[in-house]
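Architecture and fold: a report
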Amino acid sequence: MIGLISATAAGAAGRDRLAAAWPTRARVYDGSVGDAVRRAFAECEQVVCFLATGAVVRLIAPLLGDKASDPGVVCVDEAGRFAVSLVGGHAGGANELACEVGELLGAEPVVTTATDSVGMPGLDTLGFPVEGDVAGVTRALLDGEPVALHAELAWPLPPLPVASGGVHAIRVTDRLVPPADQNVVLRPPSLVVGVGASKGAPVDEVLDLVQGALLDAGLSVKSVAGFATVDAKAQEPGIVGAAERLGVPVVTYSAEELAKVDVPNPSDAPLAAVGTPSVAEAAALAGGGELLVPKRKSVRADGRPAMATCAVVRRAARGRLAVVGLGPGARDLLTPRAKAELRRASVLVGLDQYVDQIRDLLRPGTRVLESGLGAEEERARTAVEEARRGQAVALIGSGDAGVYAMASPALAEASDDIDVVGVPGVTAALAAGAILGAPLGHDHVSISLSDLHTPWEVIERRVRAAAEADIVVTFYNPRSRGRDWQLPKALAVLAEHREPTTPVGVVRNASRPDESSRLTTLSGLDPATVDMMTVVTVGNTATREIAGRMVTPRGYRWQEEAK
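Residues numbered from 1 in each chain as written. Predicted model: local features only at pLDDT ≥ 70, side-chain atom pairs only at ≥ 80, totals over all residues. Heavy atoms only, no water.

A few points about the overall build of the protein chain
Of regular secondary structure, the protein chain possesses 19 helices and 28 strands. Taking the principal axes of the C-alpha coordinates as reference, the protein chain spans close to 95 × 65 × 55 Å. Every one of the 563 residues in the protein chain was classed for burial, and the buried ones make up 47%. In the protein chain, 64% of the contacts between residues at least 6 apart in sequence involve partners at least 24 apart. (Helix = DSSP H or I, 4+ residues; strand = E, 2+ residues; numbered from the N terminus. Buried < 20%, exposed > 50% of the residue type's maximum accessible area, 1.4 Å probe, protein only. Contact = heavy atoms within 4.5 Å.)

Spelled out as structure tokens, the structure:
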């Protein structure tokens, strides 16, 4: 819950805007400001105060306890110009909250934590439990001192400016090892605990069994990603309660699914009870991985039969591949989601000229793998291979990465052993359409005239189908030095079904500094003026030039009524 506090009418206006935007997330605290701050600080995970920072500092100073448990606090000035992350920037989420408040109120987020100021992720913001000298290792990273990365598990991490060695180190492991001096240990969610339980098994019995199994195997409970069991036990209180105490989810499988999993210790008891010869081992192994702790039974102090079993599996790290569309070129048409993925990736793969467009957005430590024109398949393979090594990878393309770009070859290479995320971008057709007016107001199609990968016979058949169907056509890759006859041929096909006066829009380098555009007609377009940086949009029989703009109506009815 986010507590909202204000002292003046101006502050109340901003407070109420946030309350309206967050109807289920926010709570308004009225009454005296001091009492409101104390109540919100005790009851909420985050607090937004429409007060001076000095006043908030005095009010919360006696309330501060520990940064791991204190709420994040954001201050907004009376004029609503700034949203200041005051306390709990990382652990309390105040940095992200300041940005969110800024976006809603049109205020400038003010974030002063050192790592955020230089574009480096904080070690306590990576989404993993962290132990050890976080402040010391972070300071070493900020000061440019060599910090080694010892990754026992190849888990996808954001970019960090690490070295091959150094006094300071970051260790990625699920093993139960204490951090050494000047070291930080990151606990990846690499362990899955399969759990079986008799009806009515106590929570403490299940929890003691799991924690004891992990301790004996030298594994950290902080690396447990979740429990797994048979679906017949999905609501078993002992399993659900133990998972809640550890703060992990419970994943279930059907008995039929578990019966197909090869396990070292099958048993007749679960087969008779729930229809599978194994619950704990089979459930742990159902998602793949290495069995670290075979089936183990709980021990009861009263000597009665065990009511719980567990097994522990280390799942393989899943790399992450984000296929990112950069848009047509203008920075303000690069989506916030695309920016976030670029900053999240530890490896960037892309065409050299596209890399140059966004190099300044990359975080320190990002490994860049760039290549020239004509290496699309190689880039796709490289990106997938890096993801399979457990890396967080961004593969970039212009426009939308799924439109004549890198998504298709990358997904053709990828299998289900990595996570793939698609990030849409503004296409060249959309950018050109906005410049021309509204040429895509009704049904439209995009066709690439490059026959490097598609036979011309197929392209021509598609152009003819679009012509016969009276669909607006946007041509990508219309003409190059070695391909100068395809565009005239395509225009001739369209001319068989459309008037010579049909509007045609030509846009070169849409949204870039050297952008140019013009309106012409089907008979007036000179193909020699078109190149590979150009998008050509040919209207349908309803498209008109209105006040110098190319417009295709959403339907024909209103046009007929206007006659």
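Read on for the rest.
Details of the packing of aromatic side chains
In total, this model carries 2 aromatic pairs according to the counting rule given. Ring geometry for Tyr404 versus Tyr476: centroids 4.8 Å apart, planes at 55°, classification tilted. Linking Tyr404 in the loop between strand 19 (392-397) and helix 15 (407-413) with Tyr476 in strand 23 (residues 472-476), this pair joins segments that are 72 residues apart in sequence. A residue is classified by how much of its surface remains accessible, and Tyr476, at 11% relative accessible area, is buried. When the ring centre of Trp22 is taken as origin, the NZ or CZ atom of Arg25, which lies over that ring, is 4.9 Å away. (Phe/Tyr/Trp six-rings, centres within 6.5 Å; stacked < 30°, edge-to-face > 60°. Lys NZ or Arg CZ within 6 Å of the ring centre and 35° of its normal.)

Notes on the side chain of Ser346
If you trace the backbone, Ser346 turns up in the loop between helix 12 (336-344) and strand 17 (347-351). Sequence-distant contacts of Ser346, defined by excluding residues within four places in its chain, comprise Leu157, Pro158, Pro159, Gly365, Thr366, Arg367, Gln391 and Ala392.

Quick notes on the sheet that holds strand 12 (residues 224-230)
As a general point, the strands of a sheet are linked pairwise by backbone hydrogen bonds and lie either parallel or antiparallel. What the 5 strands build is an open sheet, ordered 13-12-11-15-14; its pairing is mixed. Whereas interior strands pair on both sides, the edge strands pair on one side only; in this sheet they are strand 13 (250-253) and strand 14 (290-297). Going from strand to strand, the sheet's axes swing by 25° on average, the running direction of each strand aside. As judged from the 5 bridges shared by strand 14 and strand 15 (residues 308-314), these two strands associate in the antiparallel manner. In the sheet register, Leu291 faces strand 15, and the bridge partner there is Val313. Each of strand 11 (191-197), strand 12, strand 14 and strand 15 is contacted by helix 7 (residues 203-216), which is oriented at about 40° to strand 15, the strand it contacts most. Strand contacts of helix 8 (residues 237-246): strand 11, strand 12 and strand 13, with the helix running at about 175° to strand 12, the strand carrying the most contacts. (Pairing = 2+ DSSP bridges. Axes fitted to C-alpha atoms, helices over the stretch in contact; angles between N-to-C directions.)

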